[in-house]
Amino acid sequence: MRINRLYIALGFVIAFAMFFEIAAHADETNELTRITFSAPVQIPGQVLPAGTYIFEKADPSGDQNLVRIFNADRNVLYATLQTVSAERREPTGDTAITMATPESGGPEMLVKWFYPGELIGHEFMYSKQQEQQIAHATEETVVGDRVLPGSEGAGN
């Protein structure tokens, strides 16, 4: 039984790593980041189809917790979302995102986004029902194009 769990976890990590390619472009003022998803991803209020998106702080000199999501060409604004500050233990040289895989299936949910080198990032705010799904979901943190060891498990 333990071996089956190991193979399942290993397969999940490999599949997850293949789904996401993250590339950060240095623009520290607004934390402009380009993220490519190869599968649909849920954000608060909608599901983004697979593709490349630009994430940035909406008002770098004002509300630090307001994030905008654009298409790769920056000509379509998909969402302007209120976030709350999220902390991590160590900064990384690459963009880091935390994704939750709901037990009920459906697209993975974007939970957190950290700009390279920062300890404070953005945690996306979902409805109470979706927050409960996240609390029971398997979460993984992806840095660059790799999954961080030990990031799997419910409610991380």
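A brief look at the structure comes next. These numbers were taken from a predicted model, which means no experiment stands behind them. (Residues numbered from 1 in each chain as written. Predicted model: local features only at pLDDT ≥ 70, side-chain atom pairs only at ≥ 80, totals over all residues. Heavy atoms only, no water.)

### Some thoughts on the overall build of the chain
Within the chain, the secondary structure is distributed over two helices and 12 strands. Counting from the amino terminus, the chain carries its helices and strands in the arrangement α-β-β-β-β-β-β-β-β-β-β-α-β-β. For the chain, with 156 residues in total, the buried portion stands at 40%. Across the chain, the fraction of contacts at a sequence separation of at least 24, relative to all contacts at a separation of at least 6, is 48%. Roughly 8500 Å² of accessible area belongs to the chain as shown, and the carbon and sulfur atoms make up 53% of that amount. (Helix = DSSP H or I, 4+ residues; strand = E, 2+ residues; numbered from the N terminus. Buried < 20%, exposed > 50% of the residue type's maximum accessible area, 1.4 Å probe, protein only. Contact = heavy atoms within 4.5 Å. Areas by Shrake-Rupley, 256 points an atom, 1.4 Å probe, with all protein chains shown as cover.)

### Digging into the nonpolar core
A general trend in soluble globular proteins is that nonpolar side chains are found buried together. Core analysis: the biggest nonpolar cluster contains 24 residues, and Phe55, Ile69, Ile97, Leu110 and Phe124 have the highest contact counts within it. For this core, the elements supplying multiple residues, two or more each, are strand 2 (33–37), strand 3 (41–43), strand 5 (51–57), strand 6 (66–71), strand 7 (77–87), strand 8 (96–101) and strand 9 (108–114). Of all the elements, strand 9 adds the most residues to this core, at four residues. With residues near it in sequence (within four places) discarded, Leu110 still touches Val41, Gln42, Ile43, Phe55, Ile97, Thr98, Met99, Phe124 and Tyr126. (Core = buried A, V, L, I, M, F, W, Y, C linked by side-chain atoms within 4.5 Å.)

### Side note on the pattern of salt bridges
A full pass over the atoms with the stated rule returns three salt bridges. The salt bridge partner of Lys57 is Glu31, with a shortest N-O separation of 3.8 Å. Of this pair, Lys57 sits in strand 5 while Glu31 sits in the loop between strand 1 (20–24) and strand 2, and the two are 26 residues apart along the sequence. Exposure class is identical for Lys57 and Glu31. Each is buried. Note that Glu56 is salt-bridged to Arg68, the shortest N-O span being 2.5 Å. Linking Glu56 in strand 5 with Arg68 in strand 6, this pair joins segments that are 12 residues apart in sequence. (Salt bridge = Lys/Arg side-chain N within 4 Å of Asp/Glu carboxyl O.)

### Some details on the packing of aromatic side chains
Summed over the entire model, instances satisfying the criterion amount to four aromatic pairs. Look at Phe37 and Phe55: their rings are 6.5 Å apart centre to centre, the planes differ by 65°, and that puts the pair in the edge-to-face class. Separated by 18 residues along the polypeptide, Phe37 in strand 2 and Phe55 in strand 5 bring together distant segments of the chain. Overall, the relative accessible area of 0% leaves Phe55 in the buried class. Centre to centre, the rings of Tyr53 and Tyr78 are 5.4 Å apart; their planes meet at 75°, and the pair counts as edge-to-face. Here the residue Tyr53 occupies a position in strand 5, and Tyr78 occupies one in strand 7, the gap between them amounting to 25 residues. Relative accessible area serves as the criterion here: at 30%, Tyr78 is assigned to the partly exposed category. Among the aromatic side chains, those forming a connected cluster through ring pairs are Phe37, Tyr53, Phe55, Tyr78 and Trp113. The cationic tip of Arg74 hangs over the ring face of Phe70; the distance from NZ or CZ to the ring centre is 5.0 Å. (Phe/Tyr/Trp six-rings, centres within 6.5 Å; stacked < 30°, edge-to-face > 60°. Lys NZ or Arg CZ within 6 Å of the ring centre and 35° of its normal.)

### Remarks on the pairing of strand 7
Sheet faces and side chains relate simply in a regular strand, where the side chains alternate between the two faces. Pairing of strand 6 with strand 7, which is carried by five bridges, proceeds in the antiparallel orientation. Paired with Ile69 across the bridge in strand 7 is Ala79. Note: strand 7 against strand 10 (residues 120–124), five bridges, orientation antiparallel. The residue of strand 10 that forms the bridge with Val84 is Glu123. (Pairing = 2+ DSSP bridges.)

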